[in-house]
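Read off the chains here:
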Amino acid sequence: MVWTIFAVASVVLLGLSAGVFYGFSSFIMSGLARASDDAAGAGMSGINETALLPVFMSVFFGALLVPAGTGIWGLVEGRDGGAWVLGGAAVYLVGTFGVTMALNVPLNNRLLAAHDKGAEWRAYWRPWTAWNHVRTFAGVVATVLAAVGLL
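Remember, it's a predicted structure, so these values are computed and weren't measured experimentally.

Asker: Any chance you could explain the overall build of the protein here in plain terms?
Answerer: Looking only at helices and strands, the protein has five helices and zero strands in total. Counting from the amino terminus, helix and strand elements in the protein follow one another as α-α-α-α-α. Overall size of the protein, expressed as C-alpha extent along the three principal axes, is 55 × 25 × 20 Å. In the protein, buried positions account for 39% of the 151 residues. Looking at the protein alone, contacts between residues at least 24 apart form 78% of all its contacts between residues at least 6 apart. Counting every atom, the protein has about 7,600 Å² of accessible surface; 73% of that belongs to carbon and sulfur. Charge separation in the protein, taken as the distance between the mean sites of 7 positive and 7 negative side-chain charges, equals 5 Å.

Asker: Looking at this structure, I do not really get the side chain of Glu120. What am I missing?
Answerer: Along the chain, Glu120 falls in helix α5 (residues 117-150). Here Glu120 falls in the buried class, since its relative accessible area comes to 16%. With sequence-adjacent residues up to four places away left out, Glu120 is seen in contact with Arg110, Leu111 and Ala114.

Asker: Looking at this structure, how should I read the nonpolar core?
Answerer: Grouped burial of nonpolar side chains is what soluble globular proteins tend to show. Counting residues in each nonpolar core, the largest one holds 13 residues, and the members touching the most others are Leu14, Phe60, Ala63, Tyr92 and Phe97. Listed by contribution, the elements that provide at least two residues to this core are α1 (2-33), α3 (54-76), α4 (80-113) and α5. It is α3 that provides the largest number of residues to this core, a total of five residues. Sequence-distant contacts of Tyr92, that is, excluding residues within four places in its chain, are made with Leu14, Ser17, Val59, Phe60, Ala63, Leu64, Phe97, Gly98 and Ala142.

Asker: How should I be thinking about the packing of aromatic side chains in this particular structure?
Answerer: When we look at a pair of aromatic rings, we describe it by the centre distance and by the angle of the planes. Overall, the coordinates contain twelve aromatic pairs when judged by the stated rule. For the pair Phe21 and Phe56, a centre-to-centre distance of 6.4 Å together with 90° between the ring planes defines the contact as edge-to-face. Pair noted here: Phe21 is in helix α1 and Phe56 is in helix α3, with a separation of 35 residues, a long-range link. Each member of the pair Phe21 and Phe56 is classed as buried. Through successive ring pairs, a cluster of aromatic residues spans Phe21, Phe56, Phe60, Phe61, Tyr92 and Phe97.

Asker: Sorry, what's going on with the pattern of salt bridges here?
Answerer: Close approach of charged atoms allows side chains of opposite charge to pair. Taken as a whole, this structure holds three salt bridges when the rule is applied. With its nearest N and O atoms 2.7 Å apart, the salt bridge here joins Asp37 to Arg122. On the criterion of sequence distance, the pair formed by Asp37 in helix α2 (residues 37-50) and Arg122 in helix α5 is long-range, its members being 85 residues apart. The exposure class assigned to Arg122 is partly exposed, which follows from its relative accessible area of 49%.

Definitions and cut-offs
- Residues numbered from 1 in each chain as written.
- Predicted model: local features only at pLDDT ≥ 70, side-chain atom pairs only at ≥ 80, totals over all residues.
- Heavy atoms only, no water.
- Helix = DSSP H or I, 4+ residues; strand = E, 2+ residues; numbered from the N terminus.
- Buried < 20%, exposed > 50% of the residue type's maximum accessible area, 1.4 Å probe, protein only.
- Contact = heavy atoms within 4.5 Å.
- Areas by Shrake-Rupley, 256 points an atom, 1.4 Å probe, with all protein chains shown as cover.
- Lys, Arg positive; Asp, Glu negative; His and termini not counted.
- Charge placed at Lys NZ, Arg CZ, Asp CG, Glu CD.
- Core = buried A, V, L, I, M, F, W, Y, C linked by side-chain atoms within 4.5 Å.
- Phe/Tyr/Trp six-rings, centres within 6.5 Å; stacked < 30°, edge-to-face > 60°.
- Salt bridge = Lys/Arg side-chain N within 4 Å of Asp/Glu carboxyl O.

Next comes the structure, spelled out in structure tokens:
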């Protein structure tokens, strides 16, 4: 029963994380792109600063740690679902967490440090959005894998 609770928590955390990235891919970035370059750059800088608060960071890191621990626990106990949940954690680690740290965060830092946010925004939003699509897809796949682990 306790393992099932953690498996459900894994699916919820992965789904929440995928949903955040989906929001950026589906409407936030295109909405910002409709604003002036200066306004979009300043707006995205504000978003990036507030993303570091615990309300998002707990989901972002929790979506890695809870499924990883739950999957390992399931494998140790011989649960069929353990491998699926751990697979979800692995996809999240590479496709969402890894892409974020290796690609999106450096772009965010460059935007935050830029004196001319408008000029930096023009170079920023297309590659950032493309990598965000990868994070979204990986997050959805990770969620599905963890959900299969509950079956």
